[in-house]
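# Report on the structure
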Amino acid sequence: MSNECKLGVTRRDLLGNSIKVAALGGLANMTAGPAVLGSGLLAAASAVPSSAEASGNANVPPGQLDEYYGFWSGGHSGEVRVLGIPSMRELMRIPVFNRESATGWGLTNESLKILSSGLTPETKEFLKKQGKVTFDHGDTHHPRMSYTDGSYDGRYVYINDKSNTRIARIRVDIMKTDSVLEIPNAHAIHGLRLQRYPKTGYVFCNSEMRRPLQNDPSTMRDVSKYVGIFSAVDGETMKMAWQVMISGNLDNCDCDYKGKYAISTCYNSEEGFTTAEMTAAPADHVVIFNIKAIEEAVKAGKAQMINGVPVVDGRKDAKSQFTRYIPIANNPHDANAAPDGKYVVVSGKLSPTVYVIEWDKVDLLFEGKITEKETIVANPEVGLGPLHTTYDGRGNAYTSVFLDSQIVKWNIADAIKQYQGDKSVNPIRQKLDVHYQVGHTNASMAETKDADGKWLVALCKFSKDRFLNVGPLKPENDQLIDISGDEMKLVHDGPTFPEPHDAIIVHKSKVNPVEVYNKNDPLFADLYAMAKKDGVELGKDSKVVREDKSNKVRVYMVSHAPTFSMTEFNVKRGDEVTIIVTNVDEVVDLTHGLTVVGHNVCFEVGPQATASATFKADRPGVWYYYCQWFCHALHMEMQGRMFVE
Ligand code: CUK
Ligand code: CUA
Ligand code: CA
């Protein structure tokens, strides 16, 4: 692909002149390919797009907006990141399970409440003994946006924490985490997907590890007591709905577009504990969950209550209507429902093939009319180490192939024909090298009915030589691929901090965050209630309130660029001090912060927001506090003194 444009348009002509730029929309298709994007200058000089919406052009000039949001897992950084697609610019980081210094996530009272309230009593007790109210880290893998009838509805993004067996919910309107839930009876939540129909609805999540439900020294070595657990959480209330005991373990999951079935992959049907044991059998399986049958059993009181959760037995021996086990060769990894609503593809991992299962055949399976194997309608060979599959909405699937370091495009209908015995068709359309060892791949809107086949990301596990050397720890490499044409084209390399496993690409029309907080947001309700008790009007009054002769002191102040309403206050050594700051600025983008020098206090206060942090005053003397957000020409002057007597 040439990056020379023959129209004689100079970079100067194009930049800074939006009318002309818009008129040059026809140039959009001239640019593509890595050479163009290797240099911003070249890209601009050769062909500037009318906008990023012109397909095949990943160059989004300064001041122009992306067409898509990307919601990226931050892996063991514990966070979620928001990217603009196709520019791959990182727009925001949303702290979830981690501690975050910029925003004070995990330091403020409000965030600590969110991080701690959904933990089980047993975990709370354990953490208390460590001097903590919650965990300090998380391991996120699968961010997913809530659905209404198979389309993104822009309400929430949910994500798992493998390391501490939790899930979290992010409010898309403010791009903040608003709820965290530890999943009882489970051990390491890995796969997470959302009910698509009629809406979310359930958050489906997999316990990857197996353990006894009653986990103590009397049972811990008795492997006959170990179980795998599949969970459904009510995504509205963030409370447990039900669980299913299963045979084997669970890796990834997905569900259909009709609200009937969920599906989970299992790589350890052997129920082993070593790599050798877990790969011993020639085949593992996927488990299909019959949602209606499970709901009816729970409703009829037929479930066992275990740690407050109704649990049904879907293990193989139970021969229930809750589950079916479909054999899949050797350690499959993901199951990905196709946007046509008809198929779900299971990637083989240790088998070089993927399995296409037809949802309608699953109906017949539960009715006893066909065998497990007959639900499989295709099994194309894609390459070594297939992990994840995504779609373009035009009948093609794209499978990430780890060992071959490729994205493999194949046609579903042709794969079915081939499986039916037609040797003349080859479902493979193209194999594109990626760099290197790709894990997840996802295409724009691919997990919805609105799959639009424009962009695809390949989240590569190794970047090796693709970037300047930054020492032994290398970034991952998230690659953007243009899939709008017949051929896939690699257009961008994006280094990322460890470790995005998965990402979704959501059209901007589905995402509508607010610009300024609503001060009546439930996020601040506790603070308003506390202030009322203290006779303080938040956002108006500045006051130091001492609770009845106790050592509990609350310091209420207002931030209004470029001042705090209180430039000094007094507390006594030994006081438990809570500082509450209300930002009364209404201007878009006018965030303040509060940092108290030497006290581990630092937090964000967005426009119209209120936030608080609590600490023990135990360092006599004068301690300054300041606003850490450059909010005004006199931002440096936005400070005050705390006197500890
Ligand atoms: S998993 Cu990481 S590459 Cu957690 Cu979805 Cu496949
Ligand atoms: Cu407020 Cu800086
Ligand atoms: Ca296995």
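Residues numbered from 1 in each chain as written. Chains lettered and ligands numbered in written order. Predicted model: local features only at pLDDT ≥ 70, side-chain atom pairs only at ≥ 80, totals over all residues. Heavy atoms only, no water.

### A few points about the overall build of the protein
The line we're drawing: The numbering of helices and of strands both runs from the N terminus, where a helix is a DSSP run of H or I of at least 4 residues and a strand a run of E of at least 2. We compute the radius of gyration from the C-alpha atoms alone; for a globule the expected value is 2.2 Å times N to the 0.38, where N is the number of residues. Throughout this description, buried means an accessible area under 20% of the type-specific maximum (1.4 Å probe, protein chains only), exposed means over 50%, and partly exposed covers the range between.
Scanning the protein from terminus to terminus reveals eleven helices and 41 strands. At 27 Å, the protein has a C-alpha radius of gyration in line with the 26 Å of a compact globule built from 645 residues. Reported as C-alpha extents along the three principal axes, the dimensions of the protein are approximately 85 × 80 × 45 Å. When the 645 residues of the protein are sorted by exposure, 59% land in the buried category.

### Details of the site of ligand 1
Quick note on the threshold: Near is defined per residue: the residue qualifies when any heavy atom it owns lies within 4 Å of the molecule or strand. Basically, the charged four are Asp, Glu, Lys and Arg, the nonpolar ten are Ala, Val, Leu, Ile, Met, Phe, Trp, Tyr, Cys and Pro, and anything else, Gly included, counts as polar.
In the neighbourhood of ligand 1, the contacting residues comprise His141, His142, His190, Asn252, His333, His388, Gly439, His440, Lys461 and His501. Split by residue class, the shell around ligand 1 holds no nonpolar, nine polar and one charged.

### Quick word on the coordination of the calcium ion (ligand 3)
Using the following cut-off: Distances decide who is a donor: an N, O or S atom must be within 2.8 Å of the metal, or within 3.2 Å for Na, K and Ca. Water is not included, so sites may look incomplete.
At the metal site, the calcium ion (ligand 3) is ligated by Tyr267 (O), Glu270 (OE), Glu270 (OE), Met278 (O), Asp284 (OD), Asp284 (OD) and Asn331 (OD1), and these contacts range over 2.3 to 2.7 Å. As a motif over one chain, the donors of the calcium ion (ligand 3) read Y-x2-E-x7-M-x5-D-x46-N. You can call Glu270 partly exposed: its relative accessible area is 22%.

### Observations concerning a nonpolar patch on the surface
This is how the line gets drawn: To count toward a patch, a residue needs a relative accessible area over 30% and no salt bridge; like charges are then connected within 9 Å, while nonpolar side chains (Val, Leu, Ile, Met, Phe, Trp, Tyr) are connected within 5 Å. Per-residue accessibility takes into account occlusion by the displayed protein chains alone, with areas from the Shrake-Rupley method and a 1.4 Å probe. Take a side-chain nitrogen of Lys or Arg and a carboxyl oxygen of Asp or Glu: if they are within 4 Å of each other, that pair is a salt bridge.
A surface patch of nonpolar side chains, amounting to about 330 Å² of accessible area, comprises Val597, Val622, Tyr624 and Tyr626. With respect to the helices and strands, Tyr624 occurs in strand β40 (residues 621-626). The exposure class assigned to Tyr624 is partly exposed, which follows from its relative accessible area of 40%.

### Description of the side chain of Thr134
Definition in use: In protein, a polar contact requires one atom able to donate a hydrogen and another able to accept it; more generally it is a pair of N or O atoms within 3.5 Å, and residues adjacent in sequence count only if both atoms are side-chain atoms.
Tracing the chain through its elements places Thr134 in the loop between α6 (121-129) and β4 (144-148). Reaching out from Thr134, the side chain makes a polar contact with the backbone oxygen of Leu115 at a distance of 3.0 Å.

### Quick look at the side chain of Lys461
Test applied: Two residues form a contact once any of their heavy atoms are found within 4.5 Å.
In this fold, Lys461 is placed in the loop between β28 (455-460) and β29 (476-482). Excluding anything up to four places from it in sequence, Lys461 contacts Phe402, Tyr436, Gln437, Gly439, Glu476, Glu499, Pro500 and His501.

### Some words on the nonpolar core
So the rule is basically this: Here, the term nonpolar core denotes a set of buried Ala, Val, Leu, Ile, Met, Phe, Trp, Tyr and Cys residues that are joined through side-chain atoms within 4.5 Å.
By size, the foremost hydrophobic cluster in this structure holds 58 residues, and its most contacted members are Phe71, Ile85, Met145, Ile167 and Ile183. No other element matches the five residues that strand β5 (residues 151-161) contributes to this core. Apart from residues lying up to four places away in sequence, Met145 is in contact with Phe71, Tyr152, Gly154, Tyr156, Val157, Val172, Leu194, Ile504, Val506 and Val511. With 32 residues, the next largest nonpolar core counts Tyr517, Val601, Ala613 and Phe615 among its residues.

### Thoughts on the environment of Asn426
Inspection of the secondary structure puts Asn426 in the loop between α10 (412-419) and β26 (428-433). Judged by relative accessible area, Asn426 falls into the partly exposed class, the value being 46%. For the pair Asn426 and Pro380, spaced 46 residues apart in the sequence, the C-alpha separation amounts to 8.9 Å. At 3.0 Å, the side chain of Asn426 forms a polar contact with the backbone nitrogen of Ile428.

### Section: the sheet that holds β5
Strand pairing in a sheet takes place through backbone hydrogen bonds and is either antiparallel or parallel in direction. We count it as follows: When DSSP finds two or more bridges between a pair of strands, those strands are recorded as paired. All axes here are fitted lines through C-alpha atoms, helices being fitted over the stretch that makes contact, and every angle between N-to-C directions spans 0 to 180 degrees.
Here four strands make up an open sheet; going across it, the order is β4-β5-β6-β7 and the pairing antiparallel. Edge positions in the sheet fall to β4 and β7 (176-182), since each of these pairs with one other strand and no more. Neighbour to neighbour, the strand axes of the sheet diverge by 30° on average, direction disregarded.

### A closer look at the packing of aromatic side chains
To describe a pair of aromatic rings, you give the distance between the ring centres and the angle between the ring planes. Convention followed: Each Phe, Tyr or Trp ring, with Trp reduced to its six-membered ring, pairs with another whose centre is within 6.5 Å; inter-plane angles below 30 degrees give stacked pairs, above 60 give edge-to-face pairs, and intermediate values give tilted ones. Only lysine NZ and arginine CZ atoms are considered, and such an atom sits over a ring when it is within 6 Å of the ring centre and within 35 degrees of the ring normal.
On inspection of all chains with the given rule, the structure shows 14 aromatic pairs. Taken together, the aromatic side chains of Tyr202, Phe204, Phe230, Trp242 and Phe289 make up a single cluster linked through ring pairs. Sitting above the plane of the Tyr267 ring, Lys349 keeps its charged end 5.0 Å from the centroid. A cation over an aromatic ring shows up here: Lys464 above the ring of Tyr436, its NZ or CZ 5.0 Å from the ring centre.

### With respect to unusual backbone geometry
In the segment running from Ile85 into Pro86, the intervening peptide bond is cis, with an omega of 20°. Here Pro86 shows up in the loop between β2 (79-85) and β3 (89-95). In this structure, Pro198 follows Tyr197 across a cis peptide bond, with omega equal to -5°. Along the chain, the position of Pro198 falls in the loop between β8 (189-194) and β9 (202-207). Even without being a glycine, Asn331 presents a positive backbone phi close to 50°.

### Observations concerning helix α8 (residues 291-299)
Heads up, the condition is: The arc under discussion is defined with respect to the helix axis, by the directions toward the C-beta atoms.
Three or more residues of α8 are buried, namely Ile291, Ala293, Ile294 and Ala297. Projected down its long axis, α8 shows its buried positions confined to an angular sector of 165°, all on one face. Turned more than 90 degrees away from the buried face of α8, the exposed residues are Lys292, Glu296 and Lys299. Against β9, β12 (239-246), β14 (261-266), β15 (283-290) and β17 (309-313) lie the buried residues of α8. Once α8 finishes, Gly301 follows within two positions and takes phi at roughly 75°, a positive value.

### Observations concerning the pattern of salt bridges
One pass over the structure, following the stated rule, counts 41 salt bridges. In this structure, Asp136 engages Lys132 in a salt bridge whose closest nitrogen and oxygen atoms are separated by 2.8 Å. The class of Asp136 is partly exposed, set by a relative accessible area of 33%. By relative accessible area, Lys132 is classed as partly exposed at 36%. Arg466 serves as the salt-bridge partner of Asp493, at 2.7 Å between the closest nitrogen and oxygen. Of the two residues, Asp493 sits in strand β30 (residues 489-496) while Arg466 sits in the loop between β28 and β29, which places them 27 residues apart along the sequence.

### Remarks on the pairing of strand β20 (residues 343-347)
Burial runs high along β20: five of the five residues are buried. Of the two faces of β20, the one holding Tyr343, Val345 and Ser347 and the one holding Val344 and Val346 are both buried throughout. As defined by bridge partners, strand β19 (residues 335-337) adjoins β20 across three bridges and the pair is classed as antiparallel. Residue pairing in the sheet places Ala335 in a bridge with Val346 of β20. Hairpin geometry of β19 and β20 is characterised by an intervening segment of five residues between the two adjacent antiparallel strands and by a positive phi of about 80° at Gly341. Where β20 lies against strand β21 (residues 354-358), five bridges are found, and the strand directions are antiparallel.

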